Amino acid sequence: MHSSLWLIAPSDDHAFNKSLKELIGSTLPSDFPHAPKNNFIPHVTITSDVDPSKTYGSKPQEWLDSLALPEFKREANEVIIELEELEAGEPFFKKITLRAKKDANFVELAAKCRQQGLNLSESEAQKWAENEYLPHLSLFYGDIPKDEVQKKIGLIELQLGFELGSLFDCCGGTLAMGAKLVLVDTSRAIEEWKPIAERECPWVMWRMAKGLL
């Protein structure tokens, strides 16, 4: 039973986080009222498949704090999470997502976390990050046919603009500065997906591409 490393918005009361929670918890479920509602913390997965028996054991916070991360710096060498396209997908956990651009620092962070989380070689982790990793922020989980979701993408784009448009306009596309890297036991039921350890990442910048709104 495995865990995952996520990046989440800097605080619960940040406007960006509040808007995402509204989209996930209320707005999008109302578009598909016949589907079971799945509420979850807004996040971008950095890596999954972290085996606690081979990594953190009974000391998740100690393990997370021990991860050797690259020397990123705010306002100099940030990890930029730029949300660039709204997509409907086939998989349950990717039914509606905001795909994120693979910034070079973003790829480097994912590779380092994958390497240490799965006990891989540096080259194995780098290859995964460059070729297989598809960063995204999910907005809706569900067993709904993709074509049914696709029909409502125009509506969802309007809802996205309503929630995030003013934040986008006031800050030149920057939605938030800072994030938390959290460890989550994703072997549990979705409603029990909560951080069991967290680490501040002030060098993360959340942005939205101009063409998305």
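Residues numbered from 1 in each chain as written. Predicted model: local features only at pLDDT ≥ 70, side-chain atom pairs only at ≥ 80, totals over all residues. Heavy atoms only, no water.

An unreviewed UniProt entry lists the chain under the name 2',3'-cyclic-nucleotide 3'-phosphodiesterase, with Exophiala xenobiotica as the source organism.

Enquirer: For this particular structure, what's the right way to read the packing of helix 3 (residues 104-117) against helix 4 (residues 122-131)?
Expert: When two helices pack together, their arrangement is given by the angle between the helix axes and the distance between those axes. It is the contact of helix 3 with helix 4, at a shortest axis distance of 8 Å, that shows an interaxial angle of 135 degrees. Here helix 4 runs oblique to helix 3, going by the angle between their axes. As helix 3 packs across helix 4, the resulting crossing turns out to be right-handed. Across the interface between the two elements, Val 107, Ala 110, Ala 111, Lys 112, Arg 114 and Gln 115 of helix 3 pack against Glu 122, Ala 125, Gln 126, Trp 128, Ala 129 and Glu 130 of helix 4. Taken together, the residues of the contact of helix 3 with helix 4 break down into 6 nonpolar, 2 polar and 4 charged. (Axes fitted to C-alpha atoms, helices over the stretch in contact; angles between N-to-C directions. Helix = DSSP H or I, 4+ residues; strand = E, 2+ residues; numbered from the N terminus. Parallel < 35°, antiparallel > 145°, perpendicular 65-115°, else oblique. Left-handed = near helix turned anticlockwise from the far one by under 90°. Contact = heavy atoms within 4.5 Å. Nonpolar A, V, L, I, M, F, W, Y, C, P; charged D, E, K, R; others polar.)

Enquirer: Looking at this structure, how should I read unusual backbone geometry?
Expert: Generally, phi is negative for residues other than glycine and the peptide bonds are trans, each holding for most cases. Look at Asp 49: it is not a glycine, yet its phi comes out positive at around 65 degrees. By relative accessible area, Asp 49 is classed as partly exposed at 38%. At Glu 75, a position not held by glycine, the phi torsion is positive, near 65 degrees. (Buried < 20%, exposed > 50% of the residue type's maximum accessible area, 1.4 Å probe, protein only.)

Enquirer: I'm lost on the layout of surface pockets in this one. Help?
Expert: A water-sized probe, rolled over the atoms, reveals where empty space remains. As a volume, the largest pocket reaches approximately 470 Å³. Lining the largest pocket are 20 residues, and of these Thr 45, Ser 48, Phe 93, Lys 94 and His 136 sit closest to its centre. Among the secondary structure elements, those contributing two or more residues to the lining of the largest pocket are strand 1 (3-8), strand 2 (44-50) and strand 5 (136-140). The element contributing the most residues to the lining of the largest pocket is strand 2, with 3 residues. For the lining of the largest pocket, the residue count by class is 9 nonpolar, 8 polar and 3 charged. Taken together, 17 residues form the lining of the second largest pocket, with Ile 8, Asp 12, Lys 21, Ile 41 and Pro 195 sitting closest to its centre. For the lining of the second largest pocket, the secondary structure elements donating two or more residues are helix 1 (15-31) and strand 7 (195-208). (1 Å grid on protein atoms, 1.4 Å probe; cavity = no way out; pocket = protein on both sides within 12 Å on 5 of 7 lines; lining within 4 Å. Points joined across faces, edges and corners; volume = space filled by probe spheres on them.)

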